[in-house]
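Summary of structural features
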Amino acid sequence: MASNTKWDQWVDESLTKLDSLKLLRSLRPINLQNDKANKDAKLGADEVFDGLRDWDRRAVEVDISEETFNQWLDDIPSCGDIDTYRTSASREVSESRCQKKLLLFSGNDYLGLSSHPTVRKAAAKAALEDGMGPRGSALICGYTDYHQSLEAKLAELKKKKDCLLCPTGFAANMAVMVAIGSIASLAVSGRRPNNEEKVAVFSDSLNHASIIDGLRLAERLNSVMVYVYRHCDMSHLQELILNCTAPKKVVVTDSLFSMDGDFAPMAGLVRLRKKHDLLLVIDDAHGTFVCGKDGGGVADEFKCEKDVDICVGTLSKAAGCHGGFIACSKQWKQLIMSRGRSFIFSTSMPVPVAASAHAAVLVAQEEAWRRRAIWERVNDFRNLTGLHITSHIISLVIGSEEKALQASRHMLISGFHVTAIRPPTVPPNSCRLRVTLTAAHTKADVKKLVAALSHCLNFQDIILHSSSSHARL
């Protein structure tokens with residue numbers, strides 16, 4: 001990692017302070033995989049494939065009941081109620097008659113690994129042999145050699161010294177933001193830090209809700225000052241940095257934005273990091289396993305892994321499993337696990353989830369054709385629509401809520417699971433259809449999708465990556 005001497009010093013000082021206060025926490029793994037000779041076999045990818053198989057379709061073909069279909073069509077609010085036909089005596093007959101088949105273009109299972117035999121077998125084997133594992137927070141008894149092995153694999157993938165597993169990606173971002181803020185409060189123990197002593201955090205205006213909520217908590221703890229810069233606007237970011245006199249400065253950004261599908265300007269961020277001694281934190285939820293030669297994510301894609309200080313990721317998207325992680329230095333890991341409340345006070349992920357995620361990492365590395373397939377589908381969509389999309393996340397901004405719902409209903413009737421994204425997820429009057437392309441989709445699937453979309457929007461009217469862009473219905 002490119003040296004960031006000031007931040008290394010501030011983190012070391014915080015760890016020294018925690019140690020003096022007897023607040024430094026430790027992870028002590030419980031060994032469940034006692035058969036060391038068989039350990040690698042337990043965690044290995046026992047089956048890899050060189051192309052799509054029938055079971056891959058489970059990641060993109062879904063069924064919903066006729067009642068759910070009709071409620072969705074009429075935009076009737078639902079809390080996931082059990083369909084009425086399920087309580088009848090003829091449930092099995094009704095199910096076969098009333099299912100609506102949809103092609104899923106709204107999920108985040110980008111590599112299609114949720115249905116992969118190796119991933120499923122790893123979960124089943126761990127559950128049968130070791131159950132759910134010890135139930136408790138990682139700091140008490142919930143950390144096992146399964147978790148330890150997964151952290152090591154993810155640290156290797158992200159080219160970082162260490163890694164910390166969290167129950168979700170949301171919890172991971174929350175923990176990082178609070179831990180960053182703790183550097184200010186630990187430096188002035190016994191009183192609140194003043195504005196010069198607080199950590200100045202510069203956050204992209206379209207960052208994920210988990211970053212925003214983590215910063216709100218850190219603000220509530222009086223440890224950070226938050227500056228929001230215009231989306232991907234490096235000139236505005238530099239202006240804010242130059243006008244800020246606080247010495248401790250952090251930039252946090254999504255690497256690939258979940259609602260717009262555009263990439264953060266990594267080269268510009270790296271230049272500012274070097275120029276102003278910034279700490280650079282990225283949330284690589286949508287880039288991990290998808291981008292980069294080795295699936296290392298957006299920083300891998302843009303050849304700047306050494307310039308990213310902390311990389312937050314998730315196992316619930318391209319890995320097809322569940323959970324979040326923080327790839328970082330050993331010092332940052334110790335600080336986050338000692339100060340990150342969403343990590344400290346959460347039960348660790350069940351052992352079968354850790355085992356399946358480990359298998360997913362191995363499969364993602366072995367089956368590189370899945371990454372290539374995603375980008376082939378991106379090219380297919382680009383060629384069929386004329387839209388210059390840059391990633392597997394496609395934001396078709398329509399405008400009003402009514403028009404977005406109308407377009408979503410059309411897609412539903414046409415046999416596609418494509419949901420309307422509305423406030424508060426996106427700003428008012430920027431409602432959209434969010435389409436995601438995966439390795440489990442075929443070129444034929446994309447052709448059908450584009451044909452259906454062309455009946456509810458005019459591709460020529462769409463301007464990508466702009467909250468003010470509109471498509472005419």
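Residues numbered from 1 in each chain as written. Predicted model: local features only at pLDDT ≥ 70, side-chain atom pairs only at ≥ 80, totals over all residues. Heavy atoms only, no water.

1. Examining the layout of surface pockets
Quantified by volume, the largest pocket comes out at close to 670 Å³. Lining the largest pocket we find 34 residues, and of these L206, N207, H208, A209 and S258 sit closest to its centre. Breaking the lining of the largest pocket down by element, the ones donating at least two residues are α8 (169-187), α9 (209-220), β8 (310-314) and β13 (431-436). (1 Å grid on protein atoms, 1.4 Å probe; cavity = no way out; pocket = protein on both sides within 12 Å on 5 of 7 lines; lining within 4 Å. Points joined across faces, edges and corners; volume = space filled by probe spheres on them. Helix = DSSP H or I, 4+ residues; strand = E, 2+ residues; numbered from the N terminus.)

2. Focus on the packing of aromatic side chains
Taken as a whole and judged by the stated rule, the model has seven aromatic pairs. Between W7 and W10, the aromatic rings sit 5.1 Å apart at their centres with planes inclined by 90 degrees, giving edge-to-face as the arrangement. Of this pair, W7 and W10 both sit in helix α1 (residues 5-20), three residues apart, roughly one helical turn. Each member of the pair, W7 as well as W10, carries the same accessibility label: buried. Seen from their ring centres, F381 and F459 are 6.5 Å apart, and the 85 degrees between their planes marks the pair as edge-to-face. (Phe/Tyr/Trp six-rings, centres within 6.5 Å; stacked < 30°, edge-to-face > 60°. Buried < 20%, exposed > 50% of the residue type's maximum accessible area, 1.4 Å probe, protein only.)

3. So, the confidence of the model for the chain
Taken as a whole, the chain shows an average pLDDT of 92; of its residues, 91% reach a score of 70 or greater. This model gives residues 85-91 a pLDDT under 50, and the stretch forms nine contacts once residues within four places in sequence are excluded. Considering only residues more than four positions removed or in separate chains, one finds that residues 466-473, a stretch of pLDDT under 50, has 27 contacts. (pLDDT = per-residue confidence, 0-100. Contact = heavy atoms within 4.5 Å.)

4. Re the pairing of strand β4 (residues 199-204)
Counting buried residues in β4 gives six out of six residues, a clear majority hidden from the surface. Along β4, one buried face is formed by V199, V201 and S203 and the opposite face, lined by A200, F202 and D204, is buried too. One ladder, built from six bridges, connects β4 with strand β5 (residues 224-229); its direction is parallel. Bridging across to β5, V199 finds its partner in V224. What joins β4 to β5 is α9, and the crossover it makes is right-handed. Strand direction decides the pairing type here: β4 and strand β6 (residues 249-254), joined by four bridges, are parallel. Looking across to β6, one finds that A200 is bridged to K249. (Pairing = 2+ DSSP bridges. Right-handed = clockwise from strand over helix to strand, strands pointing away.)

5. Things to note about the sheet that holds β6
Pairing in this open sheet of seven strands is mixed, and the strands run β3-β9-β8-β7-β6-β4-β5 from one edge to the other. Looking at the sheet topology across the chains shown, the edges are occupied by β3 (162-166) and β5. Pairs of neighbouring strands in the sheet enclose a mean axial angle of 20 degrees, with direction left out of account. Strands in contact with α9 are β4, β5, β6 and β7 (279-283); relative to β5, the strand with the most contacts, it is inclined by about 145 degrees. Where helix α11 (residues 266-276) meets the sheet, its contacts fall on β5, β6 and β7, and the angle it forms with β7 comes to roughly 155 degrees. (Axes fitted to C-alpha atoms, helices over the stretch in contact; angles between N-to-C directions.)

6. Examining unusual backbone geometry
The step from P423 to P424 runs through a cis peptide bond, and the omega angle for that step is 10 degrees. Structurally, P424 is set in the loop between β12 (420-421) and β13. Unlike most non-glycine residues, F289 shows phi in positive territory, near 75 degrees. Checked against the element boundaries, F289 lands in the loop between β7 and α12 (298-301). Classification of F289 as buried rests on a relative accessible area of 1%. For K303, which is not a glycine, the phi torsion comes out positive at approximately 55 degrees.

7. Topic: the sheet that holds strand β10 (residues 393-399)
Strands sit in the order β10-β13-β12 across an open sheet of three strands; the sheet is antiparallel. The two strands at the open ends of the sheet, each matched to only one other strand, are β10 and β12. In this sheet, β13 lies alongside β10 in antiparallel orientation, the contact comprising six bridges. Within β13, the position partnered with I394 by the bridge is V435.

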